[in-house]
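# Descriptive analysis of the structure
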Amino acid sequence: MRRSLPIVSTLIVLLAASYFLIPLYATFQFSLQMVRGQWSFEAYRSVFNSDVFAATVTFSTIASLAAILVGVLIVVPTAYWVRLRLPRWRPVVEFVSLMPLIIPPVVLVFGYVRLFGSTSYLPLTLSNAGTNTLLVAGYVVLSLPYMYRAVDNGMAAIDIKTLTEAAEILGASRFRTIAAVIFPNVRSAIVSGAFLSFSISFGEFVIASLLNRPAFGPYLVQIGQDRAYEPAALAIMSFALIWACMVLMQLFAARKPGGRILPRLIRPSARSVTP
Amino acid sequence: MSFLRIEGVKKSFGGNTVVRGFDLSVEKGEFISFLGPSGCGKTTMLRMVAGFETPTAGTISIDGQDVTAQPPNRRRIGMVFQAYALFPNMSVADNVAFGLKIAGMPAAQIRERVAEMLTLIGLRHLADRYPYQLSGGQQQRVALARALAPSPRVLLLDEPLSALDAKIRVSLREEIRALQRKLGITTIFVTHDQEEALSMSDRIVVMNEGRADQIGTPFEIYNRPKTRFVASFVGNLSLLEGEGTGDARAILAGDEVILPFPARGRVILGLRPEAASLQASADRTNQLTGRIDEVNFLGSLVRLRVAVAGAGVLVDMFNNPGNPPPGRGDIVTIHFAPADVQVLEHTPPELAIAAE
Amino acid sequence: MSAEETLGPAPMRATSEGATRRLGLRLGGSWLGLVPFFAFALLFLFLPILYLATGAFQNAAGEFTLANFAELATPNLRAAYSLSVRLSLVSAALGTITGVLLGYAVILGGLPRWVRPVFMTFSGVASNFAGIPLAFAFIATLGRIGLLTMVLRDVFGFNLYGAGFNLFSFWGVALTYLYFQMPLMLLIVAPALDGLKTEWREAAEILGASRRQYWLRVALPILMPSILGCFLLLFANAFGTLATVYALTGSRFAVVPIVLYQQIQGNVLYNPNLGYALAVGMVVIMAVSNTIYLVLRTRAERWRT
């Protein structure tokens, strides 16, 4: 690449940036126009004052956190066990963890509705708790590929087998090995996967809607049909939420194992630059 | 007039000067090595000949034509890279044909030339393989054929052997040299390996900190190093400090050593391991006595380090199956000829033995 | 290599009975560790899909039949598949082209260093910014009273909708999808662009190739498997998308997921088994494109040694 000015690249980047930023700006400005003739945060106030908003946000937060918890409980021991004892099973487990990528949510929930319907051996859809279980299970399935990838990468970064053997030869029990050695070392990876998982399930629409759950996604659609300005405000808030999740995810994914739970704001390396 | 001329070439990146004033004339068909440690500017100099970097000052001309401002794709130069750089999407034959296709050669001629080149490197049977199916040595031979196929005016080799196993490295360097002689192509070879440079080159340019410290034949470079850097970088050299008496003698910690020529004041003397011997002979009139610190059995050679005059002197002796070498702690006398003593620049304060 | 094989110790064989039993016990015990994972996958992934898959081959009386798949060819279902495939192809093609161009500019374009991380982070966010909020953003921008629509009309005197544009049409939806497709493409094609070695460009250059020749004969052919693979991933990504299009157009834009959604909600199709076939058709299309993606990716990785 000769020292010619990168005109083409600059042009492409500017075009892409405007395509990305104009809708965000437009949405933001639109969200401020609820009161005629002046800028105001009235749309946001209206959203926050709504009981349905609070209820659905609470519901979706709990559902997403439950999905993260279940996902971690299923994925972490499995990934650990596969790496430690059953490396031959790795392709199989990996394949299963990737399966959800080819199952659209609408198909998955269709299967749930029929398999766990009123005439089934396990009629989960008949009770509230049962339906909530299905919702959480669906979210676990949706985030399974990402969760597994994140955790498995975290375990690949440290030599899980040698660490376990080292802990065992020092006399640690299996439980202690996992709690004191393995978990702290893959904690960042788990947290990173959790943020991605949260951003997937929090605003999810299809499964929640078809299971008839009072979740945030269906609430958004309802607002979109009823109101003009609140949807714009909600879009901005959603974008901010996803942004936060992604930034936190990247932060945790890039961290060395064994660090503190919350990353320091000032990196120690930044201070040690001066000799 | 020389075929490739490099005159007064300088190169800086920002405030960092990498090449400071480089002059070289290369005859047609000559094999020149740029030898030096990493960061000495040898690769940057090569890349300026290729056209990937533009000199900050100076000119480069090939066959009487100034190419300093010419882009690489106009220079008609062949180059072989350290990491092979074969195009992974093309078969061996297509890789070799690439330059010919770009030059617009008719297809039938291309086929002929490719076959010729592959025969030359002995890989004709692998014409339809892909690079990832070849070993490192095979890939580098294909890279060589690709560089040579369009009949370039100059061939540039950028550490082509350093990614290979030791055995292949030796056989391939002989192959490259034979091919170069056969085609009579002017070649510049960049390496940090003195053995490669010494064994392959017509002339060697020893580079240090962006300068050519010495330019000469392998024999000259090895036997008559001009600077302490060249002396220590090429081959093994034991260094001894002494006091020149002004009449072709020097005193080293009480012992007297005869020099090839007069020197006065503090002197540093260099001695090659193969020039020192435990046997006396008519011309080995110098003697130094010391205790053996270390015995390294290297196979055909046994290398001793003898503590002499506060320094360590390396002595090579041939392996003799009937006669085991002396052991550690033995007191021995080293014999060497005055003509083999190298009197190097004066005044460096510390005594040192040049490491490998 | 062969020397190593012949010189190496012969593999030890556990011949003693005790060793064999211990091995068997250990394997048996180890296997239990995977039970929770596979039990979950069986219950909430395999069985539901299996239920649909078997149902797709049955009629209302539970007998084996292929009639459900034959019925997918009825005009309205065929139209749904056709619309879905066309929309996914167009949006994947747009995403691929723009994403590769953006990747070229950001990764190889010689721009300042900070540009790349900014775009990569933003892409991580934008590729997840699908669904309803995205639809809202585009309605606020390019809807009938969207900000950009208004600015174009009032400031530039250009009537977007008068000129034939409609956010709630095929091209409007495709333009909206681009908001997550382009960044997704950037993210997944970046490793391939990073994998382009400088030496390849230099080798081509010194063999006489112009920049154009380098791109056409070396760089693009090397990238092609990755690009095609990513295209298929984008295709599948668009094909399975429901929420965005639903929030934009309600159920007027009858892509396959929308038809299926309505079927589940209110049994629009008189035959539930036909719904299963519809779902199986979706999974098959997704599976095929993902499989080809994996095959192409393996091929591209083979070159990257």
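Residue numbering note: each chain is counted from 1, following its sequence as written. The order in which chains are written sets their letters, starting at A; the order in which ligands are written sets their numbers, starting at 1. Where totals are concerned, whole chains, interfaces and linings use all residues; where local detail is concerned, this predicted model gives features only for residues with pLDDT of at least 70, and gives and counts side-chain atom pairs only at 80 or more.

### Looking at the overall build of chain A
Secondary structure follows DSSP: runs of H or I at least 4 residues long count as helices, runs of E at least 2 residues long count as strands, and numbering of each begins at the N terminus. Scanning chain A from terminus to terminus reveals 12 helices and 0 strands. In sequence order, the secondary structure elements of chain A are arranged as α-α-α-α-α-α-α-α-α-α-α-α. The C-alpha extent of chain A, read off along each of the three principal axes, is 75 × 70 × 35 Å. Taking all 275 residues of chain A together, 44% fall into the buried category. Working definition of a contact: two residues with C-beta atoms, positioned from the backbone, lying within 7 Å. Summarising the internal contacts of chain A: among those between residues at least 6 apart in sequence, 74% fall at separations of at least 24. With C-beta atoms placed from the backbone, a residue is buried if 20 or more other C-beta atoms are within 10 Å of its own, exposed if 12 or fewer are, and partly exposed between those counts.

### Observations concerning the overall build of chain B
Counting its secondary structure elements, chain B contains 8 helices and 19 strands. Counting only residues that meet the buried cut, chain B has 42% of its 356 residues in that class. Sequence-distant contacts, at least 24 apart, represent 66% of the contacts inside chain B between residues at least 6 apart.

### Focus on the sheet that holds strand 1 (residues 4-13) of chain B
Residue and element names in this part refer to chain B. For two strands to count as paired, DSSP must find a minimum of two bridges between them. Read from one edge to the other, the open sheet built from 4 strands follows the order 2-1-4-5, with strand pairing classed as antiparallel. The open sheet has two edge strands, strand 2 (16-26) and strand 5 (65-66), and neither has a second partner. Relative to strand 2, strand 1 runs antiparallel, the two sharing 7 bridges. For Arg 5, the partnering residue across the bridge sits in strand 2 and is Ser 25.

### Observations regarding the domain arrangement of chain B
An automatic or database domain assignment supplies the start and end points of every domain. Parsing chain B into structural domains produces domain 1 (4-229) and domain 2 (238-344). A straight line from the C-alpha centre of domain 1 of chain B to that of domain 2 of chain B covers 39 Å.

### A short note on the nonpolar core
A set of buried Ala, Val, Leu, Ile, Met, Phe, Trp, Tyr and Cys residues, joined to one another through C-beta atoms within 7 Å, is what we call a nonpolar core. If you look at the biggest cluster of nonpolar residues, it comprises 271 residues, and the most contacted ones within it are Val 109 and Val 151 of chain A together with Val 96 and Leu 156 of chain B. Two domains share this core, each providing at least three of its residues, namely domain 1 (4-229) and domain 2 (238-344) of chain B. Setting aside residues up to four positions removed in sequence, Val 151 of chain A forms contacts with Val 75, Val 76, Ala 79, Val 186, Ala 189, Ile 190 and Gly 193 of chain A.

### With respect to the interface of chain A and chain C
At the junction of the two partners, chain A supplies 61 residues and chain C supplies 56 residues. The dominant element in the side of chain A that touches chain C, judged by the number of residues it contributes, is helix 1 (residues 7-31) of chain A, at 13 residues. Across the side of chain A that touches chain C, the residue classes tally to 47 nonpolar, 12 polar and 2 charged. Just so you know the grouping, Ala, Val, Leu, Ile, Met, Phe, Trp, Tyr, Cys and Pro go in nonpolar, Asp, Glu, Lys and Arg go in charged, and all remaining residues, Gly too, go in polar.

### Quick word on the packing of helix 3 (residues 51-84) of chain A against helix 6 (residues 128-157) of chain A
Working note: a packed helix pair is described by the angle between its axes plus the distance between those axes. All names here are of chain A. For the pair helix 3 and helix 6, the least separation of the axes is 8 Å and the interaxial angle reads 40 degrees. In this view, helix 3 runs oblique relative to helix 6, as classed from their interaxial angle. Crossing geometry of helix 3 relative to helix 6 is assigned as right-handed. Contact residues: helix 3 offers Ala 63, Ser 64, Ala 66, Ala 67, Val 70, Gly 71, Val 75, Val 76, Ala 79, Tyr 80 and Arg 83, while helix 6 offers Leu 135, Val 136, Tyr 139, Val 140, Ser 143, Leu 144, Met 147, Tyr 148, Val 151, Asp 152 and Met 155. Note on geometry: axes are C-alpha line fits, over the in-contact stretch for helices, and angles between N-to-C directions span 0 to 180 degrees. Angle categories are assigned with fixed cut-offs, so that under 35 degrees is roughly parallel, over 145 is roughly antiparallel, 65 to 115 is roughly perpendicular, and the rest are oblique. Note: crossing handedness is left-handed where the near helix turns anticlockwise from the far helix by less than a right angle, and right-handed where it turns clockwise.

### Focus: the interface of chain B and chain C
Listed per partner, the contact involves 18 residues of chain B and 18 residues of chain C. At the level of elements, strand 6 (77-80) and helix 2 (92-102) of chain B are the ones that each hand at least two residues to the side of chain B that touches chain C. Element by element, the count of residues in the side of chain B that touches chain C is highest for helix 2 of chain B, at 3 residues. Grouping the amino acids of the side of chain B that touches chain C by side-chain chemistry returns 15 nonpolar, 3 polar and no charged.

### Notes on helix 4 (residues 136-148) of chain B
Two residues of an α-helix separated by three or four positions point the same way, owing to the 3.6 residues in each turn. Residue and element names in this part refer to chain B. Under the convention used throughout, the expected extent of a helix is 1.5 Å for every residue step, that is, one less than its residue count. Here helix 4 is 13 residues long and its end C-alpha atoms lie 18 Å apart, about the 18 Å a rise of 1.5 Å per residue gives. For helix 4, the complete set of buried residues consists of Gln 138, Gln 139, Gln 140, Arg 141, Val 142, Ala 143, Leu 144, Ala 145, Arg 146, Ala 147 and Leu 148. Of the surrounding secondary structure, the elements contacted by the buried residues of helix 4 are strand 6, helix 2, helix 3 (107-120), strand 7 (154-158) and helix 5 (166-183).

### So, the confidence of the model for chain A
Values of pLDDT, ranging from 0 to 100, describe the predictor's confidence in every residue of the model. Summing up the model confidence of chain A, the mean pLDDT is 86 and the portion of residues at 70 or higher is 91%. Considering only residues more than four positions removed or in separate chains, one finds that residues 261-275 of chain A, a stretch of pLDDT under 50, has 3 contacts.

### Describing unusual backbone geometry
Residue and element names in this part refer to chain B. Phi is positive for Asp 63, close to 55 degrees, though the residue is something other than glycine. Looking at where Asp 63 falls in the secondary structure, it is placed in the loop between strand 4 (57-62) and strand 5. The phi dihedral of Ser 151 falls on the positive side, at around 50 degrees, and the residue is not glycine. Along the polypeptide, Ser 151 turns up in the loop between helix 4 and strand 7.

### Observations concerning the environment of Asp 316 of chain B
All names here are of chain B. Relative to the helices and strands, Asp 316 resides in strand 17 (residues 311-318). Through-space distance from the C-alpha of Asp 316 to that of Ala 276 is 7.0 Å; in sequence the pair is 40 residues apart. Aside from chain neighbours lying at most four places away, what touches Asp 316 is Pro 273, Glu 274, Leu 301 and Arg 303.

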